[in-house]
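Here's the letter readout for the chains.
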Amino acid sequence: MVEWSDSERKTIASVWGKIKVDKIGPQTLARVLIVYPWTQRYFGSFGNLSSASAVLANLKVANHGKTVLNALDKAVKNLDGIKATYSELSQLHCNTLNVDPDNFRLLADCLTIVVATSFRSEFNPAVQATWQKFLSVVVAALSSRYH
Amino acid sequence: MSLSDKDKSIVKGLWAKISPKADEIGAEAFGRMLTVYPQTKTYFSHWADLSPGGAQVKKHGKVIMGAVGDAVSKIDDLVGGLMALSELHAFKLRVDPANFKILAHNVIVVIGMLFPGDFTPEVHMSVDKFFQNLALALAEKYR
């Protein structure tokens, strides 16, 4: 079981509270598709992803970015049960979507970078440590039902 | 994933902008690495103070970014240019090469924080590739 200190709980809630999902979600997914272009393999139906500007302008990318980031809310609201929270989503990503779980790590890293770029000096080392701990638990949970 | 001419030009362009803050970036990135990835502290057990603002951390961050700047100038031949550094890391320091990725992540986080407007997704990609190639060059002599 993951242990969260009171300070970590506060930090995670605070960071999440300041994240504008409608802005950060699209930016994060776009960044993943641009920085790690092989991830585009999962989005064949999304239309034009042929250049950075095309990805950034793509509405399906933007909407999906919001969907993905909104799903983080469940984990924030249930820090003591993240693995159970994502059990079904993990199965979905393995069995139906066939997503390589290494992609969860790439998305988490990009999210951290986008949040850092947005929050700037507020995103101090201690906050980064807690935030990355949170995301690594989420990534592990999403990977947990893979077989 | 070798560096295209475009990647090299992007990296050099970004370096020109950020190099005045190289010391700060290095200190900040290195300090963050020790805090966010505590396993990296195992290489510095001989240091008195591993806190982010500590003197040794700042000094070493400066050394690291100096080497990054040197790598930018040798971007056309990273393996050749970083041979001595690779030998140092392989035979003397024996740092697990997995840590190069960890440090690179933190440098990228700090660049994003200090230069948000310049660190577009396109620039991010070229920089990520650069650090990947730098890590490979650094690991060249390991075995």
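The rules behind the values
- Residues numbered from 1 in each chain as written.
- Chains lettered and ligands numbered in written order.
- Predicted model: local features only at pLDDT ≥ 70, side-chain atom pairs only at ≥ 80, totals over all residues.
- Heavy atoms only, no water.
- Contact = heavy atoms within 4.5 Å.
- Buried area = accessible area lost by both parts, 1.4 Å probe.
- Salt bridge = Lys/Arg side-chain N within 4 Å of Asp/Glu carboxyl O.
- Polar contact = N/O pair within 3.5 Å; in protein donor to acceptor, adjacent residues only side chain to side chain.
- Helix = DSSP H or I, 4+ residues; strand = E, 2+ residues; numbered from the N terminus.
- Nonpolar A, V, L, I, M, F, W, Y, C, P; charged D, E, K, R; others polar.
- Expected span 1.5 Å × (residues − 1).
- Buried < 20%, exposed > 50% of the residue type's maximum accessible area, 1.4 Å probe, protein only.

## As for the interface of chain B and chain A
Stage number 1. At the interface, 23 residues of chain B touch 22 residues of chain A.
Stage number 2. Taken over both partners, the interface formed by chain B and chain A buries close to 1,900 Å², and the fraction arising from carbon and sulfur atoms is 64%.
Stage number 3. Among the residues of chain B in contact with chain A, Met113(B), Pro121(B) and His124(B) are the three that bury the most area, contributing 28% of the side total.
Stage number 4. Applying the counting criterion to the chain B and chain A interface returns 0 salt bridges.
Stage number 5. At the junction of chain B and chain A, the tally comes to 9 residue pairs in polar contact (both at pLDDT 80 or more).
Stage number 6. Elements that contribute at least two residues to the side of chain B that touches chain A include exactly α2 (22–36), α6 (98–114) and α7 (121–139) of chain B.
Stage number 7. Considering each element in turn, the side of chain B that touches chain A owes the most residues, 7 residues, to α6(B).
Stage number 8. Considering only residue class, the side of chain B that touches chain A consists of 13 nonpolar, 6 polar and 4 charged.

## So, helix α8 (residues 102–119) of chain A
Residues and elements named next belong to chain A.
Stage number 1. If you check α8, its first and last C-alpha atoms are 26 Å apart, about what 18 residues at 1.5 Å a residue would give, namely 26 Å.
Stage number 2. Summarising burial for α8: 14 of the 18 residues are buried, a large majority.
Stage number 3. The positive-phi residue at the C-terminal boundary of α8 is arginine 120, with phi of around 55°.

Shape descriptors only; they carry no functional weight alone.
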